[in-house]
Amino acid sequence: MDRYICIHGHFYQPPRENAWLEYVEMQDSAYPYHDWNEKVTAECYAPNAVSRILDKDKYITQMVNNYAKISFDFGPTLLMWMQSNAPDTYQAILDADWESQSAFSGHGSAIAQAYNHMIMPLANRRDKITQVIWGIRDFEHRFGRRPEGMWLPETAVDLETLDILTEQGIIFTILAPHQASRVRHIGTDAWHQVDDSGIDPTMPYQLNLPSGRSLCIFFYDGPIARSVAFEDLLKSGDSFASRLTGSFREGCSRPQLVHIATDGETYGHHHRFGDMALAYALHHIEGSGLARITNYGEYLEKCPPADEVEISENTSWSCVHGVERWRSDCGCNAGRNPGWKQSWRAPLREAMDWLRDTLAPKYEERAREFLKDPWAARDAYIEVVLNRSEDNVRSFLERHGTRRLDDTESVTVLKMLELQRHAMLMYTSCGWFFDELSGIETVQVVQYAGRAVQLAEELFGDHTEQDFLAHLELARSNVPRYGNGRLIYDKLVKTAMVDLTKVGAHYAISSLFEDYGNHARIYCYDVDREDYQTTDCGKTRLAAGRVAISSVISKETKLLTFGVLHLGGHNINAGIRDYQGEEAYRVMIREITETCATTDFSAVVRLLDKHFGGSTYSIKSLFRDEQRCVLDRVLEDMLADVEASYRQLHETYYPLMRFLADLGNPMPEALRTTSGFILNTDLRQALSNDTIDVERVSFLLDDSQLWEIDLDKEGLSRLFEQNLVKTMTHLVSEPDDTARLENLKAVLDLSRSFPFETNLWQVQNLYHKMLRDAYPAFQKRSSQGDGKAKIWADLFISIGQQLSIRVT
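Fair warning: this is a prediction, and the values are worked out from it, not measured in the lab. (Residues numbered from 1 in each chain as written. Predicted model: local features only at pLDDT ≥ 70, side-chain atom pairs only at ≥ 80, totals over all residues. Heavy atoms only, no water.)

(A) Region of interest: the sheet that holds strand S20 (residues 616-617). Spatially, six strands are ordered S15-S16-S17-S18-S19-S20 in an open sheet, and the strand pairing comes out antiparallel. Every interior strand has two partners, whereas the edge strands, strand S15 (519-522) and S20, have only one. Here ten bridges tie strand S17 (residues 540-551) to strand S18 (residues 557-566), and the two strands are oriented antiparallel to one another. Paired with Leu542 across the two strands is Leu565, which belongs to S18. Against the sheet, helix H22 (residues 601-612) touches strand S16 (525-537), S17, S18, strand S19 (572-578) and S20, its axis set at about 165 degrees to S18. (Pairing = 2+ DSSP bridges. Helix = DSSP H or I, 4+ residues; strand = E, 2+ residues; numbered from the N terminus. Contact = heavy atoms within 4.5 Å. Axes fitted to C-alpha atoms, helices over the stretch in contact; angles between N-to-C directions.)

(B) Region of interest: the pairing of strand S11 (residues 214-219). Counting buried residues in S11 gives five out of six residues, a clear majority hidden from the surface. In this sheet, S11 lies alongside strand S7 (residues 172-175) in parallel orientation, the contact comprising four bridges. Within the sheet, the bridge partner assigned to Ile174 lies in S11 and is Phe218. Alignment of strand S10 (residues 205-208) against S11, held across four bridges, turns out to be antiparallel. Along S11, the bridge assignment pairs Asn208 with Ser214. (Buried < 20%, exposed > 50% of the residue type's maximum accessible area, 1.4 Å probe, protein only.)

(C) Just the packing of helix H24 (residues 669-688) against helix H25 (residues 694-706), in detail. For the pair H24 and H25, interaxial distance at closest approach is 10 Å and the crossing angle is 155 degrees. In terms of orientation, H24 lies roughly antiparallel with respect to H25. Pair H24 / H25 crosses with left-handed handedness. Seen from H24, the contacting residues are Leu679, Asp682, Leu683, Ala686 and Leu687; seen from H25, they are Arg696, Val697, Leu700, Leu701, Asp703 and Ser704. Counted by class, the contact of H24 with H25 contains seven nonpolar, one polar and three charged residues. (Parallel < 35°, antiparallel > 145°, perpendicular 65-115°, else oblique. Left-handed = near helix turned anticlockwise from the far one by under 90°. Nonpolar A, V, L, I, M, F, W, Y, C, P; charged D, E, K, R; others polar.)

(D) Broad picture of the side chain of Ser511. In this fold, Ser511 is placed in the loop between helix H20 (500-510) and S15. A residue is classified by how much of its surface remains accessible, and Ser511, at 6% relative accessible area, is buried. Other than its neighbours up to four places away in sequence, Ser511 contacts Tyr516 and Tyr532.

(E) Examining the packing of aromatic side chains more closely. For the structure on display, the rule yields 31 aromatic pairs. Between Tyr115 and Trp134, the ring centres sit 5.2 Å apart and the planes meet at 85 degrees, which makes this aromatic pair edge-to-face. Placement of the pair is Tyr115 in the loop between strand S5 (110-113) and helix H5 (125-143) and Trp134 in helix H5, with a sequence separation of 19 residues. In this pair, the class of Tyr115 matches that of Trp134, namely buried. Ring centres 5.7 Å apart and planes at 70 degrees place the aromatic pair Tyr205 and Phe219 in the edge-to-face group. Of this pair, Tyr205 sits in strand S10 while Phe219 sits in strand S11, and the two are 14 residues apart along the sequence. An identical accessibility class is assigned to Tyr205 and Phe219; each is buried. Aromatic ring contacts, followed pair by pair, group Tyr767, Tyr775, Phe778, Trp792 and Phe796 into a single cluster. (Phe/Tyr/Trp six-rings, centres within 6.5 Å; stacked < 30°, edge-to-face > 60°.)

(F) Local environment of the pairing of S15. Residues of S15 alternate between two faces, with Ala520 and Ile522 buried on one and His519 and Arg521 left unburied on the opposite face. Relative to S16, S15 is paired through four bridges, and the arrangement is antiparallel. Note on S16: the bridge partner recorded for His519 is Asp528. What sits between the antiparallel neighbours S15 and S16 is a turn of two residues, in which Tyr523 has the positive phi angle 55 degrees.

Read these as spatial facts, not as claims about activity.
In structure tokens, the structure reads:
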């Protein structure tokens, strides 16, 4: 009897993205109420969760390729983000698939995902086709092979979608057990209804489609998946392994597959140390010969379906009402806001559908002027999304264009295709999943719609925005200050819109604080400096120049002139406009620079108004991440003055505070506040130093405990973790730095008394790398009588014990 086990992890976290800049922003307090979600964004959550599951060096001394032994799918937008922002994790994912092919008879563990997590049964046929094609092409681009399977967002399913999968060469998908309707043995006539207990999940099934094609479907084990995701099964690797192996049916003579599918972040993010339970369970099951670890592709090759299935259409794994969660107030929600209604879902979807259906014929009609087949070009546009180089874009336009397009026509075509891309992005499922219209997920999809609207008005010269807002206004927020969709659009979407002029304004202002040189890439825009002049008058600085701004996405270019005056602090005045010719440019440069030299700064401001026609900008015009960086620099001098004043008070009254503490008398609140500021500041500095002064840190912690100071535990923990990673990275490249190793041991000893926890997973991974690459040489030298090597090896083993890693 053959027994197999497969664990599938589904990874999808949409980027917290500015739809006009094509980048993931930092935390934005402008978004309302979702404090719980503010901490769970793409930049700090999904990649970390992925790393915790897939990194083979986590917590263990033996080479257990945990990440190559689970089946997984990743959202393309998440992979795109990780490629730039978490390259090590990204490469580990690719390596996992490569290694799994060796382990599983040539079948990789990665499967594709419909491109931007659109609820497929609610999409029109054209969007379904593009979503599948883009998901496949993105997968091929990253993993270098054709996908065998595809994950459907929220496992939302209908027959048309499954037929499109087969049409594009997909062999299998994964569904929840309740999505099966009836089954029968292949070659027999009698169907059997699937009752409430669900379908037998231990075998694959064949679905015969109306087109004559067929698809294999795996129905995961619902009870085990539920225990993993929502209960406490991951508290014990032994329990997890026992639950999996205990689900095989005794007396069954055919091969059996026990498999589950959950969100990937279940292991380590939702359930702390769940990744360890997963690693242990897989290792224990395989090492004890209890079952063979496999993936879906290998299992299908070995055990093709013997039974046929019919599915329940318009169902999903996360809505008991089918797919109503994404179009109505069905009662499914996050459960965090009792009393809130989701009646906004229906008008939001209706607004999106109106926008899609209004823009599609306009796109088709206009695009036919330039493209042989507008919809085939859209299907192929993923080639450009994945590679926006000039050569690749030119090649794409040559293949799909009706003729050789000039630069203006090329920009028009690229804008139209971007319009279509955003008209699909606006259907990302999380926009409807949660509780509130003004939530960050829903605002994100409305941003995508806003970008489509902006492009439509540029391309077609109509009034798409007002008509769209009339539909959006029908969606009502639960939060009184946001009112409805129109107000949310005005407050949170319209203000985020960007054009080439706004990019120029950002460049002009930020150039006061950052040396861009002659060429700069600002998110998805290229800036080429043609002229740049500065005038300094004490703390006041004037900058003026001429730049060419180009969109990497649409290739649109604009030549702009600017002038910006920084009066110190946060007081910045800037003007920008289209280049008006060399004579006008020179007059502007001469007038503002000569006037600035006289220190008549109010006159300079008036000249900026004169030359830029009231098109003025301030520090508020900076993109959010840069705005925060600039404000940090602006605040440096002020904070230094505050620190000096607080430090003087702290040092002056330090003896008195010690005396009060010795007597057991309470600390006056004013002194506690002052000392709290200084102790937190000093601890941040101490924990940031390349070599941490253990005695100094211990002294500061003793004082903070003595005076019951409220420490910035989260910030200090993050700094300490970063320092440990930096130290370990240094030791990986220079392992013979014994002094740094000794300091690391002392610091880890001290850290046991810290009033905060530290995430050590990356430090442990780096340690394991040293264990594998550096330790054997030192161990060998130590065994040969090398005293220095013995000291090193003893230190290294001791550090391993502190990191809960056993060295054998």
